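# Structure assessment
Residues per chain are reported as follows:
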Amino acid sequence: MMRTTVPPVACVGEPRLTAGFAEFGRLDLAAHEDVHGPLGPMEPAQLLGLAEGMQLKGKGGAGFPFARKLRAVLESCERQDLAAVVVVNASEGEPASWKDKVLLTRAPHLILDGAALAAYALDAEEIVIGVADDGIGRESLMEALAERRMPVPATIVTVPHRFISGEGGALVNGINGLPHIPPGTKKRSSDSGVGGLPTLLSNAETYAQLAVAARLGPYEYAALGTDDEPGTLLLTVTGAAARPAVVECAAGTPLREILDLCEVPDGPGILVGGYHGKWISPAAADRAEVSRKGLAAVGGTLGAGIIIPLGVDTCPLGEAAQVVRYLAGESAGQCGPCKMGLPDLARAVDLAVAGSQPADVVRAAAGDVKGRGACSHPDGTARFALSAIEVFVDDLRLHSTGDGCGRRVKGVMGLPGAPDANPQKLTLDWSRCDGHGLCAHVVPDFIRLDGNGFPAFPPTPVPTWLREGALKAVKVCPELALRLAKAE
């Protein structure tokens, strides 16, 4: 079930973004300056040098180099003779992610420091900060803005708390008064973003990291982390963790150290990178280091720093199927791979979990959407689904028999709302069934006829998208042998 409150914060090693949290809780301007010290403006060349020297990459998931974004905006402003806009993406649309909300609620001035540095260097016209409409962090941000003077006007824009609202193009659309969905064609905000002006768009943590490095300098900043990925990063650890938390650690920290800190039990697998990320096995988690390179080495991805472990009492494929259904529902619905491909992928995963179709159908459905969308949503969803059937291959074998793995779907993935308030399964009264076969004609995706012409279906709950069909099958049964009962 989705959290509604900001989780606790922990730190492995030296705190930077979370410095002062233990002493002050939330850092107002006085506490912020006491902990982090003063910060002066930077000229464009200085800021570019800092971003390149610290090898700053976006913390929203894609990992795009910040210096390349900054340079692209500077060149676009000069080429078009236009002013720039600085946009902070603090919308954090993925329900499982909480790191940006921690910064908003407890260290808002670090975010504003980074945005101010960028705005001064770009001689920007405006700073716009996008936050979700869940109410978490907006008040803290408003208080912080009231405490200080920004180099240019700064406004807060509220966007729907949806998965795709956090996509960069969707945020720019929302700020421009358009629907909060990704544009139908790929556009560079550095050329034309908010109000048609060159726009520097980056994640809230990215700006906060910039503010930390501006005080330390690139060399001291690199005292923590790895050669490829200097500094620290924030992780959201939830799922089966006994102590869920947002954790700050240096890049290169063993993932096992984070899992032990959050008291993660043994389980079948761990999702790294969030809903557009990948599953890894427990053995891979024991070898992994927390960095883009370290997680990629074991088949994972850092993404937006989301870690969701599963417990041994949870059905991993059932949990994965819920996420794929959610992602299909979060589609913008404006291109074929999203509008038609993702529902097909969700059905394929559901039927593989139910034992009604082989995993090859999932692979085919994922292949139909990969690389064809107007944004990265189809690719990310396909990546998630494919990694689930690869990592949980033993569970998939159990499900292929139609009997399932014997474990419950507990809804631990952080999705909005309960997983299914009223799960139901089909039951058959064999003393009544005469093998008419009408039910299999009504809902062939779930009910098949065995070699003797009698209905056969998995004992698992009926997928929500097939519930209506199952109810029709019950109604057309002439002997009243088929029923829908509450699934335990």
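Quick caveat: nothing in here was measured; it's all calculated off a predicted structure.

Moving on, we get to the overall build of the protein. Scanning the protein from N- to C-terminus turns up 20 helices and 16 strands. Taking 23 Å as the expected radius of gyration for a compact globule of 488 residues, we find that the protein reaches 25 Å, a close match to that expectation. A total of 488 residues make up the protein; the buried ones form 55% of that total. Across the protein, contacts joining residues at least 24 apart in sequence account for 72% of those joining residues at least 6 apart. Looking at the protein as shown, the accessible area adds up to about 19900 Å², and 52% of this sits on carbon and sulfur atoms.

Turning to helix α20 (residues 467-476), its buried residues are R467, G469, A470, A473 and V474. The arc that holds the buried residues of α20, viewed along the axis, is 160 degrees, so those residues lie on one side. Away from its buried face, by an angle of more than 90 degrees, α20 presents the exposed residues E468 and K475.

All right, on to empty space enclosed by the protein then. In this approach the atoms are scanned with a rolling probe the size of a water molecule, which exposes any empty space left behind. One pass over the full model with this rule turns up six cavities of 30 Å³ or more. The volume enclosed by the largest cavity comes to roughly 120 Å³. Lining the largest cavity, in full, are M54, Q55, L56, K57, K59, Y221, D228, E229, P230, L233, R292 and L302. A volume near 100 Å³ is recorded for the second largest cavity. Forming the boundary of the second largest cavity are L428, C433, D434, G435, H436, G437, L438, C439, P455, C477, P478 and L482. Across the lining of the second largest cavity, the residue classes break down as eight nonpolar, three polar and one charged.

Remark: a regular strand shows side chains that alternate across the two faces of the sheet. Among the seven residues in strand β3 (residues 126-132), six count as buried, and that is most of the element. Relative to β3, strand β2 (residues 85-90) is paired through six bridges, and the arrangement is parallel. Bridge pairing in β3 places V86 opposite I127. Assessed by its sense of winding, the connection that carries the chain from β3 through helix α7 (residues 138-147) to strand β4 (residues 154-159) is right-handed.

Helix α4 (residues 66-80) packs onto helix α3 (residues 44-53) with a crossing angle of 155 degrees between their chain directions and a minimal axis gap of 8 Å. By the angle between their axes, α3 is roughly antiparallel relative to α4. In the packing of α3 onto α4, the handedness of the crossing is left-handed. Here P44, L47, L48, A51 and E52 of α3 come into contact with α4, specifically with F66, A67, L70, R71 and L74.

With respect to the helices and strands, the residue L200 is situated in strand β5 (residues 199-203). Along the sequence, L200 and A51 sit 149 residues apart, while their C-alpha atoms lie 14 Å from each other. Those residues in contact with L200 that sit more than four places away from it in its chain are F66, K69, L70, V73, V85, V86, V87, A118, L122 and Y207.

Turning our eyes to something else, we now look at the side chain of N89. Its location among the elements puts N89 in strand β2. Side chain to side chain, N89 and S91 meet in a polar contact 2.7 Å long. Not counting chain neighbours up to four residues away, the residues in contact with N89 comprise D100, G130, G166, L171, L201, S202, N203 and A204.

Before going further, it helps to examine the sheet that holds strand β7 (residues 245-250). The strand order β1-β7-β6-β12-β9-β10 describes an open sheet built from six strands, whose pairing is mixed. Only two strands of the sheet have a single partner each, and these edge strands are β1 (9-12) and β10 (278-280). On average, adjacent strands in this sheet sit at an angle of 25 degrees to one another, irrespective of strand direction. Of the pairings in the sheet, the one linking strand β6 (residues 232-237) to strand β12 (residues 306-309) comprises two bridges and is parallel in character. Across the sheet, residue T236 finds its bridge partner in β12, namely I306.

Turning to the pattern of salt bridges, a few remarks are in order. Note on pairing: side chains with opposite charge can pair once their charged atoms come close. For the structure on display, the rule yields 21 salt bridges. For D113, the salt bridge identified is with R215, shortest N-O distance 2.8 Å. Residue D113 is located in helix α6 (residues 108-122), and its partner R215 is located in helix α9 (residues 204-216); the two are separated by 102 residues in the primary sequence. For D113, a relative accessible area of 5% corresponds to the buried category. Since its relative accessible area comes to 22%, R215 is described here as partly exposed. Close ionic contact of D394 with R397 constitutes a salt bridge, the shortest N to O distance being 2.9 Å. With a gap of three residues between them, D394 and R397 both fall in helix α18 (residues 393-400), about one helical turn apart.

Under the criterion given, the structure shown has seven aromatic pairs. With a centroid separation of 6.1 Å and an interplanar angle of 15 degrees, the aromatic rings of F163 and Y275 are classed as stacked. Note that F163 is positioned in the loop between β4 and α8 (168-175) and Y275 in the loop between β9 (270-272) and β10, a separation of 112 residues in sequence. By relative accessible area, which is 11% here, F163 ends up buried.

The rules behind the values
Residues numbered from 1 in each chain as written. Predicted model: local features only at pLDDT ≥ 70, side-chain atom pairs only at ≥ 80, totals over all residues. Heavy atoms only, no water. Helix = DSSP H or I, 4+ residues; strand = E, 2+ residues; numbered from the N terminus. Rg over C-alpha atoms; globule rule 2.2 N^0.38 Å. Buried < 20%, exposed > 50% of the residue type's maximum accessible area, 1.4 Å probe, protein only. Contact = heavy atoms within 4.5 Å. Areas by Shrake-Rupley, 256 points an atom, 1.4 Å probe, with all protein chains shown as cover. Arc of directions from axis to C-beta. 1 Å grid on protein atoms, 1.4 Å probe; cavity = no way out; pocket = protein on both sides within 12 Å on 5 of 7 lines; lining within 4 Å. Points joined across faces, edges and corners; volume = space filled by probe spheres on them. Nonpolar A, V, L, I, M, F, W, Y, C, P; charged D, E, K, R; others polar. Pairing = 2+ DSSP bridges. Right-handed = clockwise from strand over helix to strand, strands pointing away. Axes fitted to C-alpha atoms, helices over the stretch in contact; angles between N-to-C directions. Parallel < 35°, antiparallel > 145°, perpendicular 65-115°, else oblique. Left-handed = near helix turned anticlockwise from the far one by under 90°. Polar contact = N/O pair within 3.5 Å; in protein donor to acceptor, adjacent residues only side chain to side chain. Salt bridge = Lys/Arg side-chain N within 4 Å of Asp/Glu carboxyl O. Phe/Tyr/Trp six-rings, centres within 6.5 Å; stacked < 30°, edge-to-face > 60°.

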